[in-house]
Amino acid sequence: MPTQPKLTRFNQNVLAKYQIYNSIFMTLPFDSVTKTGALLPLFHETCHKGFANQEDPTTIVNTFFKKYQARRSEESQINLLFRFIQYIERQVVLFDAIEDAAFPVVNNMDGIGTLRSLKESVIANDKLGTLQKYLEEFKVRIVLTAHPTQFYPGAVLGIITDLTEAIRENDLLRINDLLAQLGKTPFFKHKKPTPYDEAVSLIWYLENVFYKSFGTIYDYIQQNIFDGKQIDNDIINIGFWPGGDRDGNPFVTPEITLNVAMRLRETVIKNYYRDVRRLKRKLTFSGVEDKIGYLENELYKLFTRNESSLTLNEFREIMEGVRDTVKEKHQSLYLAEVNSLLNKIHLFGFHFANLDIRQDSRKHHQFFTDMVDALIDSGSNIFPKNYHDLSEKEQVAILSKVQGEVDLSLINDEETLKALETMKVIKTIQDENGEKAANRYIISNNQTTLNVMQLFAMLKLVAFQDELTVDIGPLFETITDLENAPKVMEELYTNPEYAKHLKSRGNKQTIMLGFSDGTKDGGYLMANWAIYKAKEALTAVSRKYDIKVIFFDGRGGPPARGGGKTHNFYASLGPTIEDEEVQLTIQGQTISSNFGTLESSQYNLEQLISSGIYNSISDKDLSMTQENRDVMTDLAERSYKVYSDFKAHPKFIPYLEFMSTLKYYAKTNIGSRPSKRGKSEGLVFEDLRAIPFVGSWSQLKQNVPGFFGVGTALKHYEDSGEFDKVKTLYKTSDFFKTLIENSMMSLSKSFFDLTRYMSEDPQYGEFWNIIYNEYETTKRLILKLTGYKELMQEEPSGKASIAVRESIVLPLLTIQQYALKKIQELEKAEVKDEERLKIFEKMVTRSLFGNINASRNSA
């Protein structure tokens, strides 16, 4: 039987099953569920018809109650709206589970972008040797961040996992029980998680998903591309931020960092223990049985925190001995399983993931100044007394050659002490779990060479007097910082002491580039083009000094934060950008949606690996012509101008503050860190974190950061009769094509009928119309550019998935806007009704959850 089109597979395996299981959920024998389940379709229909008739959310809610529930008191109406919210949250979970279960059916697990497809392609083109050579150096690292865009508590994640399995097996009785459990399990977190809680919830993915999927991919590469030979390169590894990311999070302490590292160690050892127990049942023959028994006992002692002398090297050597004995004396029986465990030891060591430390350069400056002052006051001669009066260049010269050790008892400021103790903790973690466990420090908001050298000096003085075994990675975020980045790096590369440090680290330099704050600062086109150009310039300056630059992309979930179809970005980079390593952040719902199951994790990892490799082994010329570069630069500058004017509009900040859900993010208790950096009372644009910023536009269904300025830039070419230039750019540049496709996704998730009532608002009507007109212009011209009749025409299954999710949350969004409008009215009243105000504020906060989870990459 021929394979059905992807959209048909989606309709049969996702949409049809959702309709069936949703009807089961609607008829569960709980009063609240049954009544809510019966009324919600009526409310959904009222919303759908109301928006089609350009009615506002308040009218829609009132129409529903008047038509179907006229006898309800106001209190009873509010209770029903809260029950709708709870019910829709669970519908989203059900849809997630069904989509996860159908993943290997809807997606072609051996299709384009998978390792099998890549292998067949290189063999057909007689390039297997080229691929092998490339894989000996190439690496992909996905870095799980602590950014709070995942709203499911642990219990709900467990239900999703079990429900996915039951749906895959069509086990109706179990599905029924799990839906009942779902109906009774609370979704709301009453208190903020600690950074350690966040780490534990993400370690769940490492333990249950990545350990297996990374192992499977590595086994495949070894067996099918290297013909069973040992590979020295690990190819794929995991980075980890929860417990190490201090940027704007005062709750991350040195103790938490150490505890997270130890939890990672214990978790990977527990996984090894399980594998060894499984092997023990199979390796029951002489010469190996005792060795496996010894490992089982010692690994158990390690993860239960009992005394054991077993080291990583001994573990590896014993397993290598077992492998050799099995090959020589037992006809290679169960050799594949033994090799698979050895590969996992190679990938994960005793550290499981590389724990990054991160802090803002402005904070480092504060801590560094405190430290220098304390040393000078104590009579130490590490720094000259006039250090603060020296020029930046003179300070860098001193920091380069700094020697000595800081006595931390001299430090009085608690925040500074914690920062310096963290540097000591890095050394402790390396001693306990191996160097890879914590060997990178990211400086966010890095602007100057001095920013890097201050950290360089602090690390050496506090913990690494003999040898600095930590890579320092500057993070360049704003458009200005991206432009200055090559100059900063050249100053570092030509600094003899820093160059000596780089040499000891294999002449590799990690540079992080921030898509989230770049988009917030410069708009969609400019941020992406500025990062592209920065990568080119940084590649050139690094190659000039024989440094291998590793780009670490701070990508978020949605296109507005550098996400979307991420692997397409890597496949579109030309020869002017270093691409021997692909490193990117993965966060929030993007972790659960793209890497939450074994199948999706393996598929998306393979897509990343093959897209990174494709550039280097294909004959396709991906370099941009000068004409294309000129058009791209012009588009970026025009969009930047219109976005900057928009951002400078006097209503920009008030609109976000009073018409969106921005200020409610802090109340959701989904993450440990505050929703803004500064301590100012009012809302300051610079202090806004990218996640609440992008997420608030998403909740409004306006998705401004994913398209604003694109339409105006394209319209210039239409008005001047030069649209063919943009069409040529789209047809010949994979980079620009990917930008446009991702912007289409942002447009597809916009729904302006939801907030159309704002167009009549005396205060914000004009501002709403600016956004709406840009949306209409962008949509019209992107369709003209692509030749499509509708958005995402080439991705019918992706479009269908978005459509179902948007349909599920339509009543939720309506309730949210209804509640926001009520709050505005109550705020304006002469006498404030504080009780009612609290109720509607709670309604807004509760409605955030389902919408964020349903979007899967909205913040």
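The numbers attached to residues start from 1 for each chain and follow its sequence in the written order. Restriction of local features to residues with pLDDT of at least 70 applies here, the model being predicted, together with a cutoff of 80 or more for giving and counting side-chain atom pairs; totals for whole chains, interfaces and linings are based on all residues. Only hydrogens and water are set aside when side-chain values are computed; all heavy atoms of the structure are taken into account.

Caption draft 1: Examining the packing of aromatic side chains more closely. In this scheme Phe, Tyr and Trp rings, the latter by its six-membered ring, pair at centre separations within 6.5 Å, and the angle between planes marks the pair as stacked below 30 degrees, edge-to-face above 60, and tilted otherwise. On inspection of all chains with the given rule, the structure shows 51 aromatic pairs. Measuring from ring centre to ring centre gives 6.3 Å for F214 and F348, while their planes differ by 45°; the resulting arrangement is tilted. Note that F214 is positioned in helix 9 (residues 195-225) and F348 in helix 13 (residues 335-348), a separation of 134 residues in sequence. Where F752 meets Y775, the ring centres are 4.6 Å apart and the plane angle is 35°; that geometry is what we call tilted. You can see F752 sitting in the loop between helix 30 (734-748) and helix 31 (765-786) and its partner Y775 sitting in helix 31, a full 23 residues away along the chain. What makes Y775 buried here is its relative accessible area of 8%. Here the aromatic residues F210, Y211, F214, Y272, F315, F348, F350, F352 and F595 are joined through ring pairs into a cluster of three or more. Our definition puts a charge over a ring when NZ of Lys or CZ of Arg is within 6 Å of the ring centre and also within 35 degrees of the ring normal. Above the ring of F723, the side-chain terminus of K784 is found at 4.7 Å from the ring centroid. Positioned over the ring face of F82 is K842, at 5.6 Å from the centre of the ring. Only DSSP runs of H or I reaching four residues or more are called helices, and only runs of E reaching two or more are called strands; each is numbered from the N terminus. For the exposure calls, accessible area comes from a 1.4 Å probe over protein chains only, and a residue counts as buried if that area is under 20% of its type's maximum, exposed if over 50%, partly exposed in between.

Caption draft 2: A look at the pattern of salt bridges. By definition here, a salt bridge exists when the distance from a side-chain nitrogen of Lys or Arg to a carboxyl oxygen of Asp or Glu is within 4 Å. Applying the stated criterion across every chain, the model contains 48 salt bridges. The shortest N-O distance in the salt bridge between E296 and K280 comes to 2.8 Å. Remark: K280 occurs in helix 10 (residues 254-282) and E296 occurs in helix 11 (residues 289-303); sequence separation between them is 16 residues. According to the relative accessible area criterion, E296 is buried, its value standing at 8%. Of the residues examined, K280 reaches a relative accessible area of 37% and is grouped as partly exposed. Between K418 and E414 there is a salt bridge whose closest N-O contact spans 3.7 Å. Of this pair, K418 and E414 both sit in helix 16 (residues 414-433), 4 residues apart, which is roughly one turn of that helix. Take E414: its relative accessible area is 57%, and that puts it in the exposed class. One salt-bridge network, in which partners are shared between bridges, spans R543, K548, E578 and E580.

Caption draft 3: Region of interest: the confidence of the model for the protein chain. For every residue, the pLDDT score states the predictor's confidence, bounded by 0 at the bottom and 100 at the top. When pLDDT is averaged along the protein chain, the result is 90, and 93% of the positions lie at 70 or above. In what follows, residue pairs with any heavy atoms lying within 4.5 Å of each other are defined as contacts. This stretch, residues 557-563, has a pLDDT under 50; its non-local contacts, to residues over four places away or in other chains, come to 42 contacts.

Caption draft 4: Main features of the packing of helix 28 (residues 710-719) against helix 31. Helix axes use the C-alpha atoms of the stretch in contact, all axes being lines fitted to C-alpha atoms, and the angles between their N-to-C directions lie in the range 0 to 180 degrees. In the contact formed by helix 28 and helix 31, the axes pass within 8 Å of each other and the chain directions differ by 55°. Judged on the interaxial angle alone, helix 31 and helix 28 are oblique. Both helix 28 and helix 31 take part in a crossing whose hand is left-handed. Side by side, helix 28 and helix 31 meet where V710, G711, T712, L714, K715 and E718 of the first sit next to E774, T777, T778, R780, L781, I782 and K784 of the second. The residue makeup of the contact of helix 28 with helix 31, split by class, is 4 nonpolar, 4 polar and 5 charged. Angular relationships are summarised with four words: roughly parallel below 35 degrees, roughly antiparallel beyond 145, roughly perpendicular across 65 to 115, and oblique for the angles in between. Crossing handedness is defined as follows: a turn of the near helix away from the far one that is anticlockwise and smaller than a right angle gives a left-handed crossing, while the clockwise case is right-handed. Residue polarity is assigned by list, with Asp, Glu, Lys and Arg as charged and Ala, Val, Leu, Ile, Met, Phe, Trp, Tyr, Cys and Pro as nonpolar; anything else, Gly included, falls into the polar class.

Caption draft 5: Looking closely at the side chain of K119. With respect to the helices and strands, the residue K119 is situated in helix 5 (residues 115-124). In this structure K119 is buried but unpaired, with E120 as the nearest side chain of opposite charge at 6.4 Å. Aside from chain neighbours lying at most four places away, what touches K119 is Y220, N224 and I225. Charged residues are defined here as Lys and Arg on the positive side and Asp and Glu on the negative side; His and the ends of the chain fall outside this count.

Caption draft 6: Up close: the environment of N769. With respect to the helices and strands, the residue N769 is situated in helix 31. In sequence terms N769 and R756 are 13 residues apart; their C-alpha atoms lie 9.0 Å from each other. Within the structure, the side chain of N769 is placed 3.0 Å from the backbone oxygen of G765, a separation counted as a polar contact. Polar contacts, as used here, are pairs of N or O atoms within 3.5 Å; protein pairs need one atom able to donate a hydrogen and one able to accept it. Residues neighboring in sequence count only if both atoms are side-chain atoms.

Caption draft 7: Up close: the environment of F693. Position of F693 relative to the elements: it lies in helix 27 (residues 690-699). With a relative accessible area of 1%, F693 lands in the buried category. For the pair F693 and N507, spaced 186 residues apart in the sequence, the C-alpha separation amounts to 38 Å.

Caption draft 8: Looking closely at the sheet that holds strand 7 (residues 548-554). Spatial strand order, 1-2-3-4-5-6-7-8: 8 strands in a closed barrel with parallel pairing. Ignoring which end each strand starts from, the neighbouring axes of this sheet average 25° apart. Any two strands with at least two DSSP bridges between them are considered paired. As paired elements, strand 2 (residues 236-240) and strand 3 (residues 354-360) share 2 bridges and run parallel to each other. Its bridge partner lying in strand 3, F240 is registered against L355.

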